[in-house]
Amino acid sequence: MPKGYWIGRVDVRDPEAYKAYVETATPAYREFGARFLVRGGDFHAAEGNSRSRNVVIEFPSFEAARACYDSETYRKARAIRQEVSEGEIIIIEGYEG
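Residues numbered from 1 in each chain as written. Predicted model: local features only at pLDDT ≥ 70, side-chain atom pairs only at ≥ 80, totals over all residues. Heavy atoms only, no water.

1. Comments concerning helix H3 (residues 72-84)
Here comes step 1: Taking 1.5 Å of rise per residue, 13 residues should cover 18 Å, and H3 covers 19 Å from first to last C-alpha, within 8% of that figure.
Here comes step 2: Inspection of H3 places Tyr74, Ala77, Arg78, Arg81 and Val84 among the buried residues, and these make up the whole buried set. Projection of H3 onto a plane perpendicular to its axis shows the buried side chains occupying an angular sector of 135°, all on one side. Exposed side chains of H3 directed beyond 90 degrees from the buried face belong to Lys76 and Glu83.
Here comes step 3: As for H3, its buried residues are in contact with strand E1 (4-12), helix H1 (15-31), helix H2 (62-70) and strand E4 (85-93). (Helix = DSSP H or I, 4+ residues; strand = E, 2+ residues; numbered from the N terminus. Expected span 1.5 Å × (residues − 1). Buried < 20%, exposed > 50% of the residue type's maximum accessible area, 1.4 Å probe, protein only. Arc of directions from axis to C-beta. Contact = heavy atoms within 4.5 Å.)

The structure is reproduced here in structure tokens:
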């Protein structure tokens, strides 16, 4: 079964308030077996538009990745994130080729 991933690109408007998002989202990540592969860090925007923060989160399956995003626990965190940042998150199935 392929793993699932969140790929997030975010511009944080209020770094102090963003800490509340991270704290509130952590229980959902634990519940659904998330593992951060990329969490901020230095990057080079080789093509196209970029955002200031990039995140890749691995889940045991595509279904787990979707379930985490739709969970009540993450819904609370998402509301905080949407107030203090703007960006995109995609949920994608991994490749097992």
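2. Notes on the nonpolar core
Here comes step 1: Ranked by size, the top nonpolar core spans 17 residues in total, and within it Trp6, Tyr21, Tyr29, Phe59, Cys68 and Tyr74 carry the most contacts.
Here comes step 2: Mapped by element, the contributors of at least two residues to this core are E1, H1, strand E3 (53-59), H2 and H3.
Here comes step 3: Here this core gets five residues from one element, more than from any other, and that element is H1.
Here comes step 4: If sequence neighbours within four positions are ignored, tyrosine 21 has contacts with Tyr29, Tyr74, Ala77, Arg78, Ile80 and Arg81. (Core = buried A, V, L, I, M, F, W, Y, C linked by side-chain atoms within 4.5 Å.)

3. Focus: H2
Here comes step 1: Taken as a whole, H2 has its buried residues at Ala64, Ala65 and Cys68. The arc that holds the buried residues of H2, viewed along the axis, is 100°, so those residues lie on one side.
Here comes step 2: On the buried face of H2, the contacting elements are E1, H1, E3, H3 and E4.

4. Description of the environment of valine 84
Here comes step 1: In this fold, valine 84 is placed in helix H3.
Here comes step 2: C-alpha of valine 84 to C-alpha of aspartate 14: the two residues are 70 residues apart in sequence and 5.4 Å apart in space.
Here comes step 3: In this structure, valine 84 is in contact with Val12, Arg13, Asp14, Ala17 and Tyr18, ignoring residues within four places of it in sequence.

5. Some points on the sheet that holds strand E2 (residues 35-39)
Here comes step 1: Strand order across the open sheet formed by four strands is E2-E3-E1-E4, with antiparallel pairing between neighbours. Only two strands of the sheet have a single partner each, and these edge strands are E2 and E4. Pairwise comparison of adjacent strand axes, ignoring direction, gives a mean angle of 15° for this sheet.
Here comes step 2: By the bridge criterion, seven bridges tie E1 to E3 in an arrangement that is antiparallel. Note on E3: the bridge partner recorded for arginine 9 is asparagine 54.
Here comes step 3: On the sheet, H1 packs against E1, E2, E3 and E4 and is oriented at approximately 165° with respect to E1. (Pairing = 2+ DSSP bridges. Axes fitted to C-alpha atoms, helices over the stretch in contact; angles between N-to-C directions.)

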